[in-house]
Amino acid sequence: MRMSNRLWSARSGAIGAEFALILPILLVFLIGIIDVGRFMWTWNRAEKAAQMGVRYASVTDAASLGLQAYDFFDEGVPRGAVIPESSFGGTTCTSTGCTCTGGAVCDVDGLSAAAFTNVVTRMQSFMPEIDPENVTIEYGYSGLGYSGDPYGPDVNPLITVTLTGMTYHPGLGAVFGIEIPIPSFASTLSMEDGSGTRSN
């Protein structure tokens with residue numbers, strides 16, 4: 001009888017038992033805090049990749065072949081005149097091709113795979129998991145540029161690079177099968193040079 005009373009009143013293992021009960025909760029909180037930090041880091045990389053993609057696109061060859069090669073002077077726009085919006089409505093390029101939204105450029109529009117790949121490669125230096133399918137480059141009318149520009153494209157469009165379809169895989173996701181979609185990021189600049197293959 002004395003032995004059982006001592007056993008019930010013993011407190012020497014209480015700390016170990018309490019720690020064993022609390023440890024799983026602590027680990028979940030710790031991994032959760034790390035996951036939130038990693039999510040914000042991934043968010044920041046995606047945003048920076050879009051910014052660097054549009055910066056690269058604004059100073060190098062356009063992904064739209066029509067934008068690169070079209071001579072508005074041949075279509076009756078006087079040399080030195082601003083390109084009217086009716087002649088260039090805009091172009092959207094993806095990894096599979098370019099679609100023109102209006103204007104004479106549509107007649108010769110097509111994708112420069114090398115220029116598009118260069119933009120994607122630049123973005124991958126900030127976020128390697130980006131695939132070409134995640135990137136869209138839009139060239140929109142800005143009213144800048146002039147017919148007969150001898151140093152680059154006649155049109156200086158507004159360029160928007162959009163990054164979509166990215167997901168974040170949290171550490172706890174492996175256990176629970178969770179994937180968190182990252183929102184789309186877009187960044188816009190006006191074209192500065194529009195020719196060449198290098199950017200700093």
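Just above, that's the structure.
Cut-off values and rules
Residues numbered from 1 in each chain as written. Predicted model: local features only at pLDDT ≥ 70, side-chain atom pairs only at ≥ 80, totals over all residues. Heavy atoms only, no water. Salt bridge = Lys/Arg side-chain N within 4 Å of Asp/Glu carboxyl O. Helix = DSSP H or I, 4+ residues; strand = E, 2+ residues; numbered from the N terminus. Buried < 20%, exposed > 50% of the residue type's maximum accessible area, 1.4 Å probe, protein only. Disulfide = S-S within 2.5 Å. Contact = heavy atoms within 4.5 Å. Patch = residues over 30% accessible without salt bridge, like charges linked within 9 Å, V, L, I, M, F, W, Y side chains within 5 Å. Areas by Shrake-Rupley, 256 points an atom, 1.4 Å probe, with all protein chains shown as cover. Axes fitted to C-alpha atoms, helices over the stretch in contact; angles between N-to-C directions. Left-handed = near helix turned anticlockwise from the far one by under 90°. Nonpolar A, V, L, I, M, F, W, Y, C, P; charged D, E, K, R; others polar. Core = buried A, V, L, I, M, F, W, Y, C linked by side-chain atoms within 4.5 Å. Phe/Tyr/Trp six-rings, centres within 6.5 Å; stacked < 30°, edge-to-face > 60°. Lys NZ or Arg CZ within 6 Å of the ring centre and 35° of its normal.

**Q** In this structure, what is going on with the pattern of salt bridges? I would like to understand it.
**A** Tallied over the entire structure, the rule returns 3 salt bridges. Put simply, Arg38 and Asp35 hold a salt bridge, and the shortest N to O gap is 3.3 Å. Separated by 3 residues within a single helix, Arg38 and Asp35 lie in helix α2 (residues 14-59), roughly one turn from each other. With its nearest N and O atoms 2.7 Å apart, the salt bridge here joins Arg45 to Glu129. Of the two residues, Arg45 sits in helix α2 while Glu129 sits in the loop between α4 (113-124) and β3 (135-140), which places them 84 residues apart along the sequence. The exposure class of Arg45 is buried, given its relative accessible area of 14%. The exposure class assigned to Glu129 is partly exposed, which follows from its relative accessible area of 37%.

**Q** How should the state of the cysteines be read in this particular structure?
**A** Each disulfide consists of one covalent bond between the sulfur atoms belonging to two cysteines. Per the counting criterion, the structure on display carries 1 disulfide. There is a disulfide in this structure between Cys93 and Cys98, and the S-S distance comes to 2.1 Å. Given an S-S torsion of about 105 degrees, the disulfide between Cys93 and Cys98 has right-handed geometry. The class for Cys98 is buried, based on a relative accessible area of 16%.

**Q** What's the story with the environment of Ile182 in this structure? I'm lost.
**A** Examined against the element boundaries, Ile182 turns out to sit in the loop between β6 (180-181) and β7 (185-190). Sequence separation between Ile182 and Thr167 is 15 residues; the distance between their C-alpha atoms is 5.2 Å. Not counting residues within four places of it along the chain, the set of residues in contact with Ile182 comprises Phe39, Thr42, Ala46, Met127, Met166, Thr167 and Tyr168.

**Q** Would you mind showing me how to read a nonpolar patch on the surface here?
**A** Taken together, Phe19, Leu21, Ile22, Leu23, Ile25, Leu26, Leu27, Phe29, Leu30, Ile31 and Ile34 make up a surface patch of nonpolar side chains, about 1,100 Å² in accessible area. Considering the arrangement of structural elements, one finds Phe19 in helix α2.

**Q** Can you help me understand the packing of α2 against α4 in this one?
**A** Describing two packed helices takes the angle between their axes plus the distance from one axis to the other. Direction vectors running N to C along α2 and α4 enclose 145 degrees, while the axes themselves pass 8 Å from each other. As α2 runs across α4, the sense of the crossing is right-handed. Along the contact surface, α2 presents Ala49, Ala50, Met52, Gly53, Tyr56 and Ala57, while α4 presents Asn118, Val119, Arg122 and Met123. Of the residues that constitute the contact of α2 with α4, the class distribution is 7 nonpolar, 2 polar and 1 charged.

**Q** Looking at this model, I keep getting lost on the nonpolar core. Mind explaining?
**A** Across soluble globular proteins, nonpolar side chains show a tendency to be buried alongside one another. Among the nonpolar cores identified, the biggest contains 35 residues, and Val135, Ile137, Tyr139 and Leu163 are the most heavily contacted of them. Where this core is concerned, the elements lending two or more residues are α2, α4, β3 and β4 (158-163). Element by element, the count of residues in this core is highest for α2, at 7 residues. Once residues within four sequence positions are removed from consideration, Leu163 is found in contact with Ala46, Ala49, Met123, Met127, Ile130, Asn134, Val135, Pro183, Ser184 and Phe185.

**Q** I tried to follow the packing of aromatic side chains on my own but got confused; where do I start?
**A** For any two aromatic rings, the description comes down to two numbers: the centre-to-centre distance and the angle of the planes. Under the counting rule described, the total for this entry stands at 3 aromatic pairs. Plain terms: the ring middles of Trp43 and Phe185 are 5.5 Å apart, the flat faces sit at 80 degrees to each other, and that makes the pair edge-to-face. Residue Trp43 is located in helix α2, and its partner Phe185 is located in strand β7; the two are separated by 142 residues in the primary sequence. Judged by its relative accessible area of 10%, Phe185 is buried. Looking at Arg45, its charged tip hangs above the ring of Trp41, at a distance of 4.3 Å from the centre.

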